[in-house]
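Structural description and commentary
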Amino acid sequence: MVTKEYAMAYTEVVEILKHVSDEDVKKIPEEKLEFYKSNMDNEYKYKIDITKKFEEQEMSDITKAILANIFRDYWATPYQKERILAKEKYDLNKLEEEKRDKYNPDNIFKNNKRIQTDS
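Throughout, a residue's number is its position along its own chain's written sequence, starting from 1. Totals for whole chains, interfaces and linings use all residues, but because this is a predicted model, local features are given only for residues with pLDDT of at least 70 and pairs of side-chain atoms are given and counted only at 80 or more. To obtain the side-chain values, all non-hydrogen atoms of the structure were used and water was disregarded.

1. Re the side chain of Glu12
Of note, Glu12 is situated in helix H1 (residues 4–17). Buried charge Glu12 goes without a salt bridge, the closest partner of opposite sign being Lys64 at 8.8 Å. In this structure Glu12 touches Tyr44, Tyr46, Met59, Ser60 and Thr63, once residues within four positions along its chain are discounted. Here a helix means four or more residues in a row that DSSP labels H or I, a strand means two or more in a row labelled E, and each is numbered from the N terminus. With a 1.4 Å probe rolled over the protein chains alone, any residue whose accessible area is under 20% of its type maximum counts as buried; one over 50% counts as exposed, and the rest are partly exposed. Neither His nor the chain ends contribute to the count of charged residues, in which Lys and Arg are positive and Asp and Glu negative. When a carboxyl oxygen of Asp or Glu is within 4 Å of a side-chain nitrogen of Lys or Arg, the pair counts as a salt bridge. By definition, residues are in contact when any of their heavy atoms lie within 4.5 Å.

2. Considerations on the layout of surface pockets
Of the two site types, the cavity is a set of points on a 1 Å grid over the protein atoms alone where a 1.4 Å probe fits but cannot get out, and the pocket is an open set with protein on both sides within 12 Å along at least five of seven lines, each lined by residues with an atom within 4 Å of a point. Grid points are joined across faces, edges and corners, and a volume is the space filled by probe spheres set on the points. By volume, the largest pocket amounts to about 210 Å³. What lines the largest pocket is a set of 13 residues, among which Ile16, His19, Val20, Ile48 and Phe54 lie closest to the centre. Looking at the lining of the largest pocket, the elements that each hand over two or more residues are H1 and helix H4 (61–75). For the lining of the largest pocket, the class distribution of residues is nine nonpolar, two polar and two charged. Ten residues, namely Ala, Val, Leu, Ile, Met, Phe, Trp, Tyr, Cys and Pro, are considered nonpolar, four, namely Asp, Glu, Lys and Arg, are considered charged, and the remaining ones, Gly among them, are considered polar.

3. Concerning the nonpolar core
Put simply, a nonpolar core is a bunch of buried Ala, Val, Leu, Ile, Met, Phe, Trp, Tyr and Cys residues held in one set by side-chain atoms that sit within 4.5 Å of each other. The biggest cluster of nonpolar side chains holds 15 residues, and the ones touching the most others in it are Val13, Leu17, Tyr36, Ile66, Leu67 and Ile70. Those elements that provide at least two residues to this core are H1, helix H3 (30–39) and H4. Looking at this core element by element, the count peaks at six residues for H1. If sequence neighbours within four positions are ignored, Tyr36 has contacts with Tyr10, Val13, Val14, Ile66 and Ile70.

4. Some thoughts on the pattern of salt bridges
For the structure shown, the criterion picks out eight salt bridges. Across the pair Asp24 and Lys27 runs a salt bridge whose closest N-O atoms are separated by 3.4 Å. Under the relative-accessibility criterion, Asp24 is labelled partly exposed at 25%. Three or more residues joined by partner-sharing salt bridges are found here, namely Arg72, Asp73 and Glu88.

Right under this line is the structure:
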């Protein structure tokens, strides 16, 4: 079962894909499209404002991430895909490095002051 936020995002993705060329939509595997459709929130109404550019459309961060993955996996040129994957790898490495620094057992107690107790 998907969360409410994901169900709403799938609704947004399905609606957005209605405004994408058939040629590009056909590049997305049918199973993935069916997954979005079968897990979307049918009570949530999302409409594209055709007077606005794509970048100006209101959509959730989850929707943006799903669309970014669709672009990377199905629509990007080999060069674009290579650049996207390199950026994702860089971001992941940077995040892991920050975690290592933050949770390094050698550094955990460095900033703590010793508390003296009377015996």
